[in-house]
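Coordinate inspection notes
Below are the chains, spelled out letter by letter.
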Amino acid sequence: GLFKNPLVSFVFDQCGVIPVYRNTGGTGGSNDDSFRRAFEVLEHGGAIGIFPEGQNSKEAEVLDIKTGTARIALGAERLHDYKLGVEVIPVGLNFEDRDEFLSRVLVRFSEPIRVSDYAALHRQDERAAVRALTAEIQERIRGAATHIQGFRILDLVKDIEEIYGKQLLDTIAAEKEAALRSFTSTFSDLVGDDFDDEAIVAQLASDSGRSLRSWLFDEVRSTRKPNESLDDKFWVKTR
């Protein structure tokens, strides 16, 4: 529908946007050309960005995703005997306040899914492979996004966050401070020539690594009072 406007259609074409029909039933439209163009992008090593829910949702819930992503990925692999190397990278978008202009967003990337892992199932049962890959994508996105299923649960989470949100964040801050006290190197040590870089890397990779990296970033930008961590905030919501 967005491509009906000639000017918009021209801009989208220049940006590599691939048009799709939301509902081919009764419209006379077909997505065969859309799949063909998507296959060509993947065959040339390109990337395709897809919002697999197929619609916009204001709630903190990942809706059931459509099968198009899995069908495109598996279809491209089948054309190359499942040796093309296509990967699906699920992404979670977490808005602090999606209705506020210039609101902060936390973007989480899940580990890539190798589509060729579904080759045997796809050869045997195409629909079963599409369902299985779609289910894995769904699970990964819900793990990367703030997924709170159901309106009643969402209302409960909002109430709990209002009552205990600050207390939980204060607990996270206290844990961060405890981790920093055990971290003996100062910022001046880290920018010098004599520090043990292997020890620093090992400690940064420990359980408190995320807090320490946040601390280092705060030190670099000389911020005495850093912004509230979106990662911590969304962690509180999902727990």
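These numbers were taken from a predicted model, which means no experiment stands behind them.

**Comments concerning the packing of helix 2 (residues 32–43) against helix 3 (residues 68–79)**
- The contact between helix 2 and helix 3 brings their axes to 9 Å, and the two run at 60°. If you check the angle between helix 2 and helix 3, you find them oblique. Pair helix 2 / helix 3 crosses with right-handed handedness. Residues F35, A38, F39, L42 and E43 of helix 2 lie in contact with helix 3, whose contacting residues are G68, R71, I72, G75, A76 and L79.
- Of the residues belonging to the contact of helix 2 with helix 3, the class tally is seven nonpolar, two polar and two charged.

**Quick word on a nonpolar patch on the surface**
- Residues F51, I89, V91, L93, F95, V105, V107 and F109 make up a contiguous nonpolar surface patch of roughly 760 Å² in combined accessible area.
- Where the nonpolar patch is concerned, the elements lending two or more residues are strand 2 (91–95) and strand 3 (105–109).
- Mapped onto the secondary structure, V105 falls in strand 3.

**Regarding the environment of A73**
- Topologically, A73 is positioned in helix 3.
- Other than its neighbours up to four places away in sequence, A73 contacts V86, V88, V115 and L133.

**Re helix 5 (residues 126–144)**
- When the terminal C-alpha atoms of helix 5 are compared, their 27 Å separation across 19 residues agrees well with the 27 Å that a helix rising 1.5 Å per residue should span.
- Every buried residue of helix 5 is accounted for by A128, A129, V130, L133, T134, I137, Q138, I141 and A144.
- Check the buried side of helix 5 and you find it contacts helix 3, strand 1 (87–88), strand 2, strand 3, strand 4 (113–114) and helix 4 (119–124).
- Put simply, D125 is the residue that caps the front of helix 5, since its side-chain oxygen is 3.3 Å from the backbone nitrogen of R127.

**A word on the packing of aromatic side chains**
- Under the definition given, this model contains two aromatic pairs.
- Look at F35 and F39: their rings are 6.1 Å apart centre to centre, the planes differ by 65°, and that puts the pair in the edge-to-face class. Within this pair, F35 and its partner F39 are both found in helix 2, separated by four residues, close to a single helical turn.
- A relative accessible area of 16% places F39 in the buried class.

**Looking at the confidence of the model for the chain**
- Summary statistics for the chain give a mean pLDDT of 77 and a share of 60% for residues scoring 70 or more.
- Between residues 219–225, whose pLDDT stays under 50, and residues either more than four places distant or in other chains, the model counts five contacts.

**Here we look at the environment of A145**
- Tracing the sequence through the fold places A145 in the loop between helix 5 and helix 6 (151–181).
- In sequence terms A145 and L93 are 52 residues apart; their C-alpha atoms lie 5.8 Å from each other.
- With sequence-adjacent residues up to four places away left out, A145 is seen in contact with V62, G92, L93 and N94.

**Structural notes on the pattern of salt bridges**
- Across all of its chains, the model carries eight salt bridges by this definition.
- The salt bridge involving K83 is made with D81; its shortest N-O contact spans 3.9 Å.
- When its relative accessible area of 42% is taken as the criterion, D81 is described as partly exposed.
- Notably, a salt bridge pairs R140 with E136, separated by 3.0 Å at the nearest N-O pair. In this pair, R140 and E136 both sit in helix 5, four residues apart, roughly one turn of the helix.
- Beyond isolated ion pairs, a larger network of salt bridges with shared partners links D33, R36 and E40.

Rules used in this analysis
- Residue indices begin from 1 for each chain and proceed along its sequence in written order.
- Only residues with pLDDT of 70 or above have their local features reported here, since the model is predicted, and side-chain atom pairs are shown and tallied only from 80 upward, although totals for entire chains, interfaces and linings are computed over all residues.
- No hydrogens and no water enter the side-chain calculation; it runs on all heavy atoms of the structure.
- Lines fitted to the C-alpha atoms define the axes, with helices restricted to the stretch that makes contact. Angles between their N-to-C directions range from 0 to 180 degrees.
- For helices the rule is a DSSP run of H or I covering at least 4 residues; for strands it is a run of E covering at least 2, with both sets numbered from the N terminus onward.
- Roughly parallel here means an angle under 35 degrees, roughly antiparallel means over 145, roughly perpendicular means 65 to 115, and every remaining angle is called oblique.
- The crossing is said to be left-handed when, going from far helix to near helix, the turn is anticlockwise and less than a right angle, and right-handed when the turn is clockwise.
- Should any heavy atoms of two residues lie within 4.5 Å, those residues are counted as being in contact.
- When residues are grouped by polarity, Ala, Val, Leu, Ile, Met, Phe, Trp, Tyr, Cys and Pro land in nonpolar, Asp, Glu, Lys and Arg in charged, and all others, Gly among them, in polar.
- The patches described consist of residues with a relative accessible area above 30% and no salt bridge, like charges being joined within 9 Å and nonpolar side chains (Val, Leu, Ile, Met, Phe, Trp, Tyr) within 5 Å.
- Using a 1.4 Å probe, accessible areas were evaluated by the Shrake-Rupley method; residue-level cover was limited to the displayed protein chains.
- Here, a salt bridge means any side-chain nitrogen of Lys or Arg that lies within 4 Å of a carboxyl oxygen of Asp or Glu.
- Given a helix with a known number of residues, its expected span is that number minus one, times 1.5 Å.
- To sort residues, take the accessible area from a 1.4 Å probe on protein chains only and compare it with the maximum for the residue type: under 20% means buried, over 50% means exposed, and anything in between is partly exposed.
- Think of a polar contact as two N or O atoms within 3.5 Å of one another; within protein, one of them needs to be a possible hydrogen donor and the other a possible acceptor, and neighboring residues in sequence only count if both atoms come from side chains.
- Two rings from Phe, Tyr or Trp (for Trp, the six-membered ring) form a pair when their centres are within 6.5 Å of each other. A pair whose planes differ by under 30 degrees is stacked, one over 60 is edge-to-face, and the rest are tilted.
- A residue's pLDDT is the predictor's confidence in that residue, given on a scale from 0 to 100.

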